[in-house]
Number of protein chains: 2
Amino acid sequence: MENYINIYKETRKKIKAYGYMMWLMSWDRETEAPKASLAYSSKQFGVIQEELYKIESDPKFVEAIEKLYENLNELDDQDFKVEIKHAYKELRMIKKVPKDEYLAYGKLIQKGSHIWAEAKENNDFEAYRPTLEEIVAFNQKLVKYLETDELKGYDVLLDMYEEGFGVKEYDLFFNTVKEELAPFVLEVTSHKDRFSRKLTKGIFPIAGQKEFGNYLMEVFNYDQTKGVLKESAHPFTSGTSSVDTRITTHYHEDNLLSSVFSTIHEMGHAIYELQCDEKYDDTMLHGGTSLGIHESESRMFENMIGRSYAFWKVHYPKLLEIFPKQLKNITLEEFYKFMNRAERSLIRIEADELTYSLHVLVRYEIEKQLISGKLKVKDLPKRWNSLMSKYVGKRPKTDKEGVLQDIHWSGGSFGYFPTYALGSAYAAQIYQAMNKDINVEEVVLNNDIKQINAWLKEHVHKFGQSKTPKEILQIATHEDFDPSYYVDYLKRKFS
Amino acid sequence: MENYINIYKETRKKIKAYGYMMWLMSWDRETEAPKASLAYSSKQFGVIQEELYKIESDPKFVEAIEKLYENLNELDDQDFKVEIKHAYKELRMIKKVPKDEYLAYGKLIQKGSHIWAEAKENNDFEAYRPTLEEIVAFNQKLVKYLETDELKGYDVLLDMYEEGFGVKEYDLFFNTVKEELAPFVLEVTSHKDRFSRKLTKGIFPIAGQKEFGNYLMEVFNYDQTKGVLKESAHPFTSGTSSVDTRITTHYHEDNLLSSVFSTIHEMGHAIYELQCDEKYDDTMLHGGTSLGIHESESRMFENMIGRSYAFWKVHYPKLLEIFPKQLKNITLEEFYKFMNRAERSLIRIEADELTYSLHVLVRYEIEKQLISGKLKVKDLPKRWNSLMSKYVGKRPKTDKEGVLQDIHWSGGSFGYFPTYALGSAYAAQIYQAMNKDINVEEVVLNNDIKQINAWLKEHVHKFGQSKTPKEILQIATHEDFDPSYYVDYLKRKFS
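Residues numbered from 1 in each chain as written. Chains lettered and ligands numbered in written order. Predicted model: local features only at pLDDT ≥ 70, side-chain atom pairs only at ≥ 80, totals over all residues. Heavy atoms only, no water.

By the naming in an unreviewed UniProt entry, chain A goes by Metal-dependent carboxypeptidase and is assigned to Mariniplasma anaerobium. Checking UniProt for chain A, the heading Function (unreviewed entry) contains the comment "Broad specificity carboxypetidase that releases amino acids sequentially from the C-terminus, including neutral, aromatic, polar and basic residues." Annotation of chain A in UniProt includes, under Catalytic activity (unreviewed entry), the sentence "Release of a C-terminal amino acid with broad specificity, except for -Pro." (UniProt positions renumbered as here; feature names shortened; annotations may be inferred.)

Peer 1: Break down the pairing of strand 3 (residues 244–249) of chain A for me, with residues and values.
Peer 2: Residue and element names in this part refer to chain A. Among the six residues in strand 3, six count as buried, and that is most of the element. On strand 3, burial covers both faces: D244, R246 and T248 on one face and T245, I247 and T249 on the other are all buried. Relative to strand 3, strand 1 (residues 229–231) runs parallel, the two sharing three bridges. When the bridges of strand 3 are listed, E231 appears paired with T249. Relative to strand 3, strand 2 (residues 237–241) is paired through four bridges, and the arrangement is antiparallel. Across the sheet, residue T237 finds its bridge partner in strand 3, namely I247. The hairpin turn running from strand 2 into strand 3, its antiparallel successor, is two residues long. (Buried < 20%, exposed > 50% of the residue type's maximum accessible area, 1.4 Å probe, protein only. Helix = DSSP H or I, 4+ residues; strand = E, 2+ residues; numbered from the N terminus. Pairing = 2+ DSSP bridges.)

Peer 1: Would you mind going over the sheet that holds strand 3 of chain A in detail, with residue names and values included?
Peer 2: Whether parallel or antiparallel, the strands of a sheet pair through hydrogen bonds between backbone atoms. Residue and element names in this part refer to chain A. Taking strand neighbours across the sheet as the criterion, the three strands line up as 1-3-2 in an open arrangement whose pairing is mixed. The two strands at the open ends of the sheet, each matched to only one other strand, are strand 1 and strand 2. The average angle at which neighbouring strand axes cross in this sheet is 25°, direction not considered. Across the face of the sheet, helix 1 (residues 2–31) comes into contact with strand 1, strand 2 and strand 3 while running at roughly 20° to strand 3. (Axes fitted to C-alpha atoms, helices over the stretch in contact; angles between N-to-C directions. Contact = heavy atoms within 4.5 Å.)

Peer 1: Now, about the UniProt feature "binding site: Zn(2+)" (unreviewed entry) in chain A: what can you tell me, with residues and values included?
Peer 2: All names here are of chain A. The UniProt entry lists H265, H269 and E295 under the feature "binding site: Zn(2+)" (unreviewed entry), expressed in the numbering used here. In summary, the annotated positions, though distributed over 31 residues, converge in three dimensions, the widest C-alpha pair being only 8.8 Å. Among the structural elements, H269 can be located in helix 10 (residues 256–274). Given a relative accessible area of 11%, H269 falls into the buried group. For H269, the residues in contact, after removing those within four places along its chain, are T237, H294, E295 and S298. Turning to its location among the elements, E295 is positioned in helix 11 (residues 291–305).

Peer 1: For the packing of aromatic side chains, give the residues involved together with the corresponding values.
Peer 2: All names here are of chain A. Taken as a whole, this structure holds 77 aromatic pairs over all chains when the rule is applied. Aromatic pair W409 and F414: ring centres 6.0 Å apart, planes at 5°, arrangement stacked. For the pair W409 and F414, a shared accessibility class is recorded, and that class is buried. Pairwise contacts between aromatic rings join Y154, F165, Y170, F173, F174, Y364, Y426, F481 and Y486 into one cluster. Note that K9 overlies the ring of F80, its terminal NZ or CZ placed 5.0 Å from the centroid. (Phe/Tyr/Trp six-rings, centres within 6.5 Å; stacked < 30°, edge-to-face > 60°. Lys NZ or Arg CZ within 6 Å of the ring centre and 35° of its normal.)

Peer 1: Outline the sheet that holds strand 3 (residues 244–249) of chain B, supporting the account with residue identities and numerical values.
Peer 2: Residues and elements named next belong to chain B. Strands sit in the order 1-3-2 across an open sheet of three strands; the sheet is mixed. The sheet is open, and its two edges are formed by strand 1 (229–231) and strand 2 (237–241), each paired on a single side. Across the sheet, the axes of successive neighbouring strands diverge by a mean angle of 25°, strand direction being ignored. Set on the sheet, helix 1 (residues 2–31) makes contact with strand 1, strand 2 and strand 3; between it and strand 3 the angle comes to about 20°.

Peer 1: Please set out unusual backbone geometry residue by residue, giving values where relevant.
Peer 2: All names here are of chain A. Backbone geometry places N123, a non-glycine residue, at a positive phi of 50°. By secondary structure assignment, the location of N123 is in the loop between helix 5 (99–121) and helix 6 (125–146). Accessibility expressed as a relative area gives 33% for N123, which makes it partly exposed.

Peer 1: Before we move on, could you go through the nonpolar core and cite the residues and values that matter?
Peer 2: The biggest cluster of nonpolar side chains holds 129 residues, and the ones touching the most others in it are F220, F311, W312, L380, W409 and I452 of chain A. Element by element, the count of residues in this core is highest for helix 17 (residues 417–437) of chain A, at 12 residues. The next biggest cluster of nonpolar side chains, apart from the first, holds 127 residues, and it includes F125, Y128, L151 and I305 of chain B. (Core = buried A, V, L, I, M, F, W, Y, C linked by side-chain atoms within 4.5 Å.)

Peer 1: Explain the interface of chain A and chain B residue by residue, including any values.
Peer 2: At the junction of the two partners, chain A supplies 39 residues and chain B supplies 39 residues. Between chain A and chain B, the buried area comes to about 3200 Å², and carbon and sulfur atoms account for 64% of it. Run the count over chain A and chain B and you get 10 salt bridges. Of the charged contacts, one joins K230 of chain A and E32 of chain B as a salt bridge, the two residues approaching to 2.8 Å between their closest N and O atoms. The interface formed by chain A and chain B includes 19 residue pairs in polar contact (both at pLDDT 80 or more). Those elements that place two or more of their residues in the side of chain A that touches chain B are helix 1, helix 2 (38–56), strand 2 and strand 3 of chain A. The residue makeup of the side of chain A that touches chain B, split by class, is 16 nonpolar, eight polar and 15 charged. (Buried area = accessible area lost by both parts, 1.4 Å probe. Salt bridge = Lys/Arg side-chain N within 4 Å of Asp/Glu carboxyl O. Polar contact = N/O pair within 3.5 Å; in protein donor to acceptor, adjacent residues only side chain to side chain. Nonpolar A, V, L, I, M, F, W, Y, C, P; charged D, E, K, R; others polar.)

Peer 1: An account of the environment of A425 of chain A is requested, with residue identities and associated values reported.
Peer 2: Within the element layout of this structure, A425 of chain A appears in helix 17. Taking the C-alpha atoms as reference, A425 of chain A lies 33 Å from D77 of chain A; in sequence the two are 348 residues apart.

Peer 1: Give a detailed account of helix 16 (residues 380–392) of chain B, specifying residues and quantitative values.
Peer 2: Residue and element names in this part refer to chain B. The terminal C-alpha atoms of helix 16 lie 17 Å apart, and with 13 residues this matches the ideal 18 Å at 1.5 Å per residue to within 8%. All buried positions along helix 16 are accounted for by L380, P381, W384, N385, L387, M388, Y391 and V392. Next to the buried residues of helix 16 lie helix 6 (125–146), helix 8 (167–188) and helix 15 (356–372). (Expected span 1.5 Å × (residues − 1).)

Peer 1: Lay out the packing of helix 11 (residues 291–305) of chain B against helix 19 (residues 450–459) of chain B with the relevant residues and their values.
Peer 2: All names here are of chain B. Across the interface, helix 11 lies against helix 19 with an axial gap of 13 Å and an inter-helix angle of 150°. With respect to helix 19, the axis of helix 11 lies roughly antiparallel. Helix 11 and helix 19 meet at a crossing whose hand is right-handed. Along the contact surface, helix 11 presents E297, M300, F301 and I305, while helix 19 presents I452, N453 and L456. Looking at the contact of helix 11 with helix 19, its residues break down into five nonpolar, one polar and one charged. (Parallel < 35°, antiparallel > 145°, perpendicular 65-115°, else oblique. Left-handed = near helix turned anticlockwise from the far one by under 90°.)

Peer 1: Can you tell me about the pattern of salt bridges, naming the residues and giving the values?
Peer 2: One pass over the full model with this rule turns up 68 salt bridges over all chains. Taking the shortest distance from any N to any O, the salt bridge between K144 of chain A and E147 of chain A comes out at 3.8 Å. Between E353 of chain B and K493 of chain B there is a salt bridge; the shortest N-O distance is 3.0 Å. Placement of the pair is E353 of chain B in the loop between helix 14 (332–339) and helix 15 and K493 of chain B in helix 21 (residues 484–494), with a sequence separation of 140 residues.

Peer 1: Requested: an account of the relation of the copies chain A and chain B, with residues and values cited.
Peer 2: In screw terms, the move from chain A to chain B is a rotation of 180° and a rise of 0.0 Å along the axis, fitting with an RMSD of 0.0 Å. Look at the turn and shift together and you get a two-fold axis relating the two. Among all C-alpha atoms of chain A, that of M21 of chain A lies closest to the rotation axis, at 3.0 Å. A shared binding surface is used by both copies, with 100% of the interface residues of chain A retained as interface residues in chain B. (Least-squares fit on C-alpha atoms with pLDDT ≥ 70 in both.)

Peer 1: Outline the environment of K313 of chain A, supporting the account with residue identities and numerical values.
Peer 2: For K313 of chain A, the position within the fold is in helix 12 (residues 309–322). Each residue touching K313 of chain A, except ones within four places of it in the same chain, is listed here: L332 and L445 of chain A.

Peer 1: Explain the UniProt feature "active site" (unreviewed entry) in chain A to me, and be specific about the residues and the numbers.
Peer 2: Residue and element names in this part refer to chain A. Those residues carrying the UniProt feature "active site" (unreviewed entry) are E266 in this numbering. Inspection of the secondary structure assignment puts E266 in helix 10. Among all residues touching E266, those that are not within four sequence positions of it are P235, F236, T237, I247 and T248. A distance of 2.7 Å separates a polar atom in the side chain of E266 from a polar atom in the side chain of T237.

In structure tokens form, the structure reads like this:
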């Protein structure tokens, strides 16, 4: 066993280092690399990726994992056991998917993202269709390769992003959304605007937005010695460890709230990563345990704290100080109402808190049918439009603002979308539990958000990937997942 | 042979990719990585470095290089022949230096830089001495390992940075400096200030300096789709290919010229790298052929173009536009004279164009004696001070402004310094040749620097490492190296 442990740990060291390099390269490509260099850097990335694949599929390493897994009971270290379980699960990819298919798929999805981007630009679904068909076909095949007694069909993919959540769990959740939330949303959004649009008229110079971004980092205790705030086409969080997790935002002169809320959102992700126990930095257990739990932290920061009245009562004065002219005629109440308006809209990433999960519902139903083969790629645009019409109450006029809007499928991510909605639901449940220990509104009013961070660290963050999403929910809330917190929260807020 | 060529090329692909990753990591560490992450990233760097060492010392790769070298005549591709010659030369490190000594030394110099930085901070040579003694001892041993019939002693190290330049060549050069330049410099710098110090009184906000930096990138045609201008503690240039070479500068509010000239200097380096023939991007021949030739390009940009009257006649108005208040009482003539003042000073990197080579002379004489063992590390500070006094005419009061000022030796770089002075001398010779083909002053007055870039590309840059420094000089100037151009240029300018 000692020998297998050594092989595992030595190889892990390499995997971490290669992962680090690939992470840095992606960060650089998104934020700084000069345009003309992207093809060159992508070639280098490919070489390293192949090297990493060799390391991960080295028979000695595979054997070590298998032996350790078979003798899990002999291991004392609980965390290490979890790590081996994960590693064993990951082996499926190497053992069950033929190498050339796996590598060919890697190239397909790299190409896929470019083809999608062009098709979106040109509003031309047909140009994208053949590639998407290939990607769907591979995922159907992948599902077959990876199916087990417990996981069948779409569950295989769902489980990759959110362990323990398959069609059964998601159906329960989305049924609640469909039955309890959807009618409420359609009702709320059928009213005429009850908010002022004055904010949309202002021009907010980027230097000022950056200044407020720096202020927000202080407010949320996003530690600058462990993080960076930069710009990229789309905001994201990206990190390696409890000492380095970086975020980006995007500035629009005519949309102040966009950079404000994307910064707060990404800080929610980043603080989760930074607050994982540092003992996991050199292991495979560093980082958020699942996409859903990750999204719960970012959504809680963005929506439940960042869009609360208490928050802006404290921080609107700072914004007024930076943009005195632009905001002089906008009261705190108007500002608050505008950022919490609910509207039927077509684009998911621009959707408000209330309608958001309905956008995800559309994608969930489509993915389920695509992977099972009930829906063909060629029929996607039609189905998309009819589901949007049904759940969100608004029908896209073009594919660009319809089925072509998201990058995910072009990168082969099926099973990813549902976690977005799940995250909001987790957030409501976790917030409720936290609010029993600390008075969150008071903490926000006292500009003392580090108390919130500390609670989240203790009940969610520090565990890294050593606990499953379901276990995290139990630790943090002493309950199983319960979407009613989410529905209640939204109904209370938007009634 | 086909087989060896394939092995070589396949391995080269990996070496390039690993090199890319290590380059990116260094770039990130210097410019952006959050402070708290440096230890973590350095651990990952170490792992990758070790992997790279394995690849480079793989017996199959070594065999391929040896066989190709033995059969060089069978190779058609002239560039490939040069590459194999270089690779064969590099093999010395792997074949002649015991692996554990080599790796231990790598760790020593990594530690060395930290110890040096602290010793410098505390002006405490004694804290640094034992480490420096180890480093010197290793370099003495290294020299023994690598000596050949042609290269003995210090030559071994000098040749690493400037092929074809050993003690014989450098002695000739530095004798000219000592005999013809040093007395002239002492004479010029003995006069009272003949320039106004008004410029040192102003405060120049960094936003304005950045604006002028962007302007300079346009002026010098530093292509932003292939480059980046960023900030770091010390300015540098760093790149991978003809599509990605980045530079940094450093801004001081009370020193406008610092960022201006470091930006121009680094652009000289960067444009050299960017103008290497793109066919070398995937080979080991990309990049400047030697430190000396590299420095010739940066010095030519900085001093011969950037400090010329013609240049500021065209561009001073832009600077006045950005800093109208700060510059309103400073005439173009005063501005020009101030940037070209000559003073005895203690710090090399702050030295002016005229005195610079004397600072290097001090280091050259010391290195020669250190490596031969004639000078002991413990006697370094004394020797340093007496040589400074002799050549530069100024004696340091502390080691911080004396022997501790430069990082190079702490990183094991012996033989590096001399290339700095050589670069200026090359620059004068190349400039002179260029001036026969194009009227450089006129080109500068017409703000048409791309003509200069084009000439340099054709006569220096495009060859990458496929030519030696001596060959480049022949191509560009049709002459062997001749330091009299340098001495003449300085005497003309500073008389």
